[in-house]
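Fold and contact review
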Amino acid sequence: MPNQIMIIAPYWVDDLAAWVFDDSKVGLVQEPFVSGVPEMIDWLVKDIPNVRSGFRLTFSAAPFPGFQKKLEWRREEMGGNIYATEDPPMEGWLCPALFRYFDAAPPEIYVKAEEKK
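It should be emphasised that the depicted structure is a prediction, and the values quoted were computed from it without experimental measurement. (Residues numbered from 1 in each chain as written. Predicted model: local features only at pLDDT ≥ 70, side-chain atom pairs only at ≥ 80, totals over all residues. Heavy atoms only, no water.)

**With respect to the nonpolar core**
Trp 19, Val 45, Phe 55, Phe 59, Tyr 101 and Ile 109 are the most contacted members of the largest nonpolar core, which totals 31 residues. Of all the secondary-structure elements, those providing two or more residues to this core are strand S1 (5-8), strand S3 (18-23), helix H1 (37-44), strand S5 (55-60), strand S7 (80-85), strand S8 (90-94) and strand S9 (108-115). Considering each element in turn, this core owes the most residues, four residues, to H1. (Core = buried A, V, L, I, M, F, W, Y, C linked by side-chain atoms within 4.5 Å. Buried < 20%, exposed > 50% of the residue type's maximum accessible area, 1.4 Å probe, protein only. Helix = DSSP H or I, 4+ residues; strand = E, 2+ residues; numbered from the N terminus.)

**Here we look at empty space enclosed by the protein**
With the rule as written, the count across this model stands at one cavity of 30 Å³ or more. By volume, the largest cavity is sized at about 430 Å³. Surrounding the largest cavity, 29 residues form its lining, Phe 33, Val 37, Leu 57, Leu 71 and Leu 94 being those nearest its centre. At the level of secondary structure, the elements contributing two or more residues to the lining of the largest cavity comprise strand S4 (28-32), H1, S5, strand S6 (69-77), S7, S8 and S9. Broken down by element, the residue count for the lining of the largest cavity peaks at five residues, all from H1. Across the lining of the largest cavity, the residue classes break down as 25 nonpolar, two polar and two charged. (1 Å grid on protein atoms, 1.4 Å probe; cavity = no way out; pocket = protein on both sides within 12 Å on 5 of 7 lines; lining within 4 Å. Points joined across faces, edges and corners; volume = space filled by probe spheres on them. Nonpolar A, V, L, I, M, F, W, Y, C, P; charged D, E, K, R; others polar.)

**Examining the sheet that holds strand S2 (residues 11-13)**
One open sheet holds the three strands; their spatial order is S2-S3-S4, and the pairing between them is antiparallel. Looking at strand neighbours, the two that pair on one side only are S2 and S4, the edges of this open sheet. Shown here is a sheet whose adjacent strand axes are inclined to one another by a mean of 40°, direction ignored. (Pairing = 2+ DSSP bridges. Axes fitted to C-alpha atoms, helices over the stretch in contact; angles between N-to-C directions.)

**Thoughts on unusual backbone geometry**
In this structure, Pro 88 follows Asp 87 across a cis peptide bond, with omega equal to 0°. Within the secondary structure, Pro 88 sits in the loop between S7 and S8. Positioned with a positive phi, Ala 17 is a non-glycine residue whose angle comes to about 50°. You can see Ala 17 is positioned in the loop between S2 and S3. The class of Ala 17 is exposed, set by a relative accessible area of 53%. In this structure, Ser 35 is a non-glycine residue whose phi angle is positive, near 50°.

Written out as structure tokens, the structure is:
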């Protein structure tokens, strides 16, 4: 049975001007967030000091205690999936790396960003 709650540690790479993350368990190195997701991340981490050196991102297809935002599935697009938030209204594309964590695109993804300790 796969984990219900997953954690990654995104960080900023100046050379790429992008938020990226590594996850050796699923074979990803400097996997970038693109197309609206960086703006979602910026909103989530706005109160975390020194956030560009990295933060903890917890996510799940089910609500969990302390989640910050619910991302709602909107549509499939170019092999990835578009998710949106209502407040603030944002939309972002999650690339096919999503399927390293989920068998299918979940209808909702719950997220929480916090300082990396």
